[in-house]
Amino acid sequence: MINKLPTGATIGILGGGQLGRMMALAAHRLGLNTHIFCPDPNSPAFDVTPLKTVAAYEDLSALKAFAQSVDCVTYEFENVPAETAAAIAETGTALFPSAKALEVSQERLVEKTFIQNAGVDVAPFAKVDSQEELEAAVAEIGLPAVLKTRRFGYDGKGQTILRDKADIATAFDTIGAQPAILEGFVPFNKEISVIIARDQKGATAAYDPAENVHKDHILYTSTVPGDIAPELAENAKSIATKLIEALDYVGVMGVEFFVVPSEGGDQLIVNEIAPRVHNSGHWTEAACLVDQFEQHIRAVAGWQLGKPVRHSDVVMQNLIGDEIDEGMNLTDSNVQVHHYGKTEIRAGRKMGHFNRILGPNRAQ
Ligand code: AMP
């Protein structure tokens, strides 16, 4: 059933970070209202929404009251607890993307298995729940390899590289002896990502892939187009389409890839999927008339998607920690700056970003 919301309807958003803030701004531009639920009273998204609830995600009565007061619920982070999703489902209010999308993207073993079953290449992987399983996994996959916690890893946290045999003894403890996954080390030469949307009727819209560069494990720049062949870009979009369809997904999703050089040409390996708007899609704000935030709101509101057409070549750069001060002084005619409204500057904290238009879309 299509849940087509009228102007003035209210979208509930779980999570009050910058992604929730940008989703709310997009909703209000379309004449939709927002209600944001977040435990942190200083959430940056609270500044741009008329309706807010400050409560824990485990506070099921606050969650139910929230879900009953809105026309649909969406979220800005993948670690929404399963109980939270279930409590929302009990109220009968629709959750987009679905609880299934959360289940798949929260746990790396479930995620990798899902991607592989969809017929898409991933790094070789094996479950690791103990030191013995780590030894068996290394025997199967070989070295170098990457050991990652199955849950709650982000920005390189909760993972360690095993380069040689000596690392086998310490790696499991290094990540806190938690349920883990061992992945073969992928000898990639680039990382790219595709931001894709799917509406409630099943139509999809994929943006051009961005080439991503990380600094200290945090995304630093996303450049579009990336330095990849046009066929590889099309291939990345079609893999993203395959995955979003296999999940019967509604909303915007990010798909991260490794580009691996090989004799027969570059190969794509999917690293992970994010069931939400994504940092590597912020470039769409300046280089597309319908950006990823509007696209997400359109999808969850049961509206038709916009066209994911890129009018310009662009580079997005994150402003991390005190880079925000310099970033806010940029006044070049080709630069658009975005400040997330966070008052406290901390090292490693994403404070804002800017988009620099490089010229017209050369591919058009
Ligand atoms: P992730 O938390 O899975 O997104 O990983 C963070 C970063 O670690 C990635 O962006 C890669 O740069 C690197 N990385 C993760 N997995 C692998 C892998 N299997 N092989 C090589 N590098 C990896």
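This write-up is about the structure you can find in this document. (Residues numbered from 1 in each chain as written. Predicted model: local features only at pLDDT ≥ 70, side-chain atom pairs only at ≥ 80, totals over all residues. Heavy atoms only, no water.)

As for the environment of Val 48
With respect to the helices and strands, Val 48 occurs in the loop between strand S2 (33–37) and strand S3 (51–53). Once the C-alpha coordinates of Val 48 and Val 300 are considered, the two residues, 252 residues apart in sequence, prove to be 19 Å apart. Contact partners of Val 48, with chain neighbours within four places excluded, come to Arg 21, Ala 24, Leu 25, His 28 and Thr 34. (Helix = DSSP H or I, 4+ residues; strand = E, 2+ residues; numbered from the N terminus. Contact = heavy atoms within 4.5 Å.)

A short note on unusual backbone geometry
Looking along the chain, the bond that leaves Phe 96 and enters Pro 97 is cis, with omega of -15°. As for its position among the elements, Pro 97 is in the loop between helix H3 (82–91) and helix H4 (99–106). The omega torsion across Val 224 and Pro 225 is 5°, close enough to zero to call that bond cis. Position of Pro 225 relative to the elements: it lies in the loop between strand S12 (218–224) and helix H8 (230–246). Although it is not a glycine, Asp 216 adopts a positive phi angle of roughly 50°. You can see Asp 216 is positioned in the loop between strand S11 (210–215) and S12. The class of Asp 216 is exposed, set by a relative accessible area of 67%. (Buried < 20%, exposed > 50% of the residue type's maximum accessible area, 1.4 Å probe, protein only.)

Observations concerning the environment of Asn 271
Within the secondary structure layout, Asn 271 lies in strand S14 (residues 267–274). Distance from Asn 271 to Gln 317, taken between C-alpha atoms, is 22 Å for residues 46 residues apart in sequence. The residues touching Asn 271, leaving out its near neighbours within four places in the chain, are Lys 112, Lys 148, Glu 183, Glu 256, Phe 257 and Phe 258. Within the structure, the side chain of Asn 271 is placed 3.4 Å from the side chain of Lys 148, a separation counted as a polar contact. (Polar contact = N/O pair within 3.5 Å; in protein donor to acceptor, adjacent residues only side chain to side chain.)

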